[in-house]
Amino acid sequence: EYLCKLTKTPTGGIVLDPFIGSGTTALACINTGRYYIGIERDAEYCAIAEARIAKTKSLSLFEAI
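Scoring rules and cut-offs
- Residues numbered from 1 in each chain as written.
- Predicted model: local features only at pLDDT ≥ 70, side-chain atom pairs only at ≥ 80, totals over all residues.
- Heavy atoms only, no water.
- Helix = DSSP H or I, 4+ residues; strand = E, 2+ residues; numbered from the N terminus.
- Buried < 20%, exposed > 50% of the residue type's maximum accessible area, 1.4 Å probe, protein only.
- Axes fitted to C-alpha atoms, helices over the stretch in contact; angles between N-to-C directions.
- Parallel < 35°, antiparallel > 145°, perpendicular 65-115°, else oblique.
- Left-handed = near helix turned anticlockwise from the far one by under 90°.
- Contact = heavy atoms within 4.5 Å.
- Nonpolar A, V, L, I, M, F, W, Y, C, P; charged D, E, K, R; others polar.
- Patch = residues over 30% accessible without salt bridge, like charges linked within 9 Å, V, L, I, M, F, W, Y side chains within 5 Å.
- Areas by Shrake-Rupley, 256 points an atom, 1.4 Å probe, with all protein chains shown as cover.
- Salt bridge = Lys/Arg side-chain N within 4 Å of Asp/Glu carboxyl O.
- pLDDT = per-residue confidence, 0-100.
- Pairing = 2+ DSSP bridges.
- Right-handed = clockwise from strand over helix to strand, strands pointing away.

**Digging into the overall build of the chain**
On a plain count of helices and strands, the chain comes out with 3 helices and 2 strands. Going from the N terminus to the C terminus, the chain shows its helices and strands as α-β-α-β-α. Here the chain holds 65 residues, and 25% of them are scored as buried.

**Looking at the environment of Ala54**
Among the structural elements, Ala54 can be located in helix 3 (residues 43–58). What makes Ala54 partly exposed here is its relative accessible area of 46%. A sequence separation of 27 residues divides Ala54 from Leu27, and the C-alpha atoms of the two residues are 9.9 Å apart.

**Considering the packing of helix 2 (residues 24–31) against helix 3**
At a closest axis distance of 9 Å, the pairing of helix 2 and helix 3 adopts a crossing angle of 20 degrees. Taken together, helix 2 and helix 3 sit at an angle that is classed as roughly parallel. The interaxial crossing formed by helix 2 with helix 3 has right-handed handedness. Residues Thr24, Ala26, Leu27, Ile30 and Asn31 of helix 2 lie in contact with helix 3, whose contacting residues are Arg52, Ile53, Thr56 and Lys57. Split by residue class, the contact of helix 2 with helix 3 holds 4 nonpolar, 3 polar and 2 charged.

**Some points on a nonpolar patch on the surface**
Side chains of Ile14, Leu16, Tyr35, Ile37 and Ile39 sit close together on the surface and give an oily, nonpolar patch of about 550 Å² of accessible area. The set of elements that each furnish at least two residues to the nonpolar patch consists of strand 1 (14–17) and strand 2 (35–38). Its place among the elements puts Ile37 in strand 2.

**Observations regarding the confidence of the model for the chain**
Looking at the chain, pLDDT values average 85 and 89% of them are 70 or higher. When mean pLDDT is taken per element in the chain, strand 2 scores highest with 93 and helix 1 (residues 2–6) scores lowest with 78.

**Some points on the pairing of strand 2**
In summary, the side chains of a regular strand alternate between the two faces of the sheet. As defined by bridge partners, strand 1 adjoins strand 2 across 4 bridges and the pair is classed as parallel. From the neighbouring strand, Asp17 faces strand 2, where its bridge partner is Gly38. Of the crossover connections in this fold, the one passing from strand 1 over helix 2 to the parallel strand 2 is right-handed.

Structure, rendered in structure tokens:
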């Protein structure tokens, strides 16, 4: 999240992560109001990133993490 803000990507801007791995950058973008494009060639990492992103998007303000 710090790097999303540090690089001056505006809120609502797009962050490109060419090696998304487990999706940490995508989660930071979601948390800071930015869009993201993630690229990953390893199917296992894609599955991990998709699961983490889906869980983050499905949390409500009243759920415990």
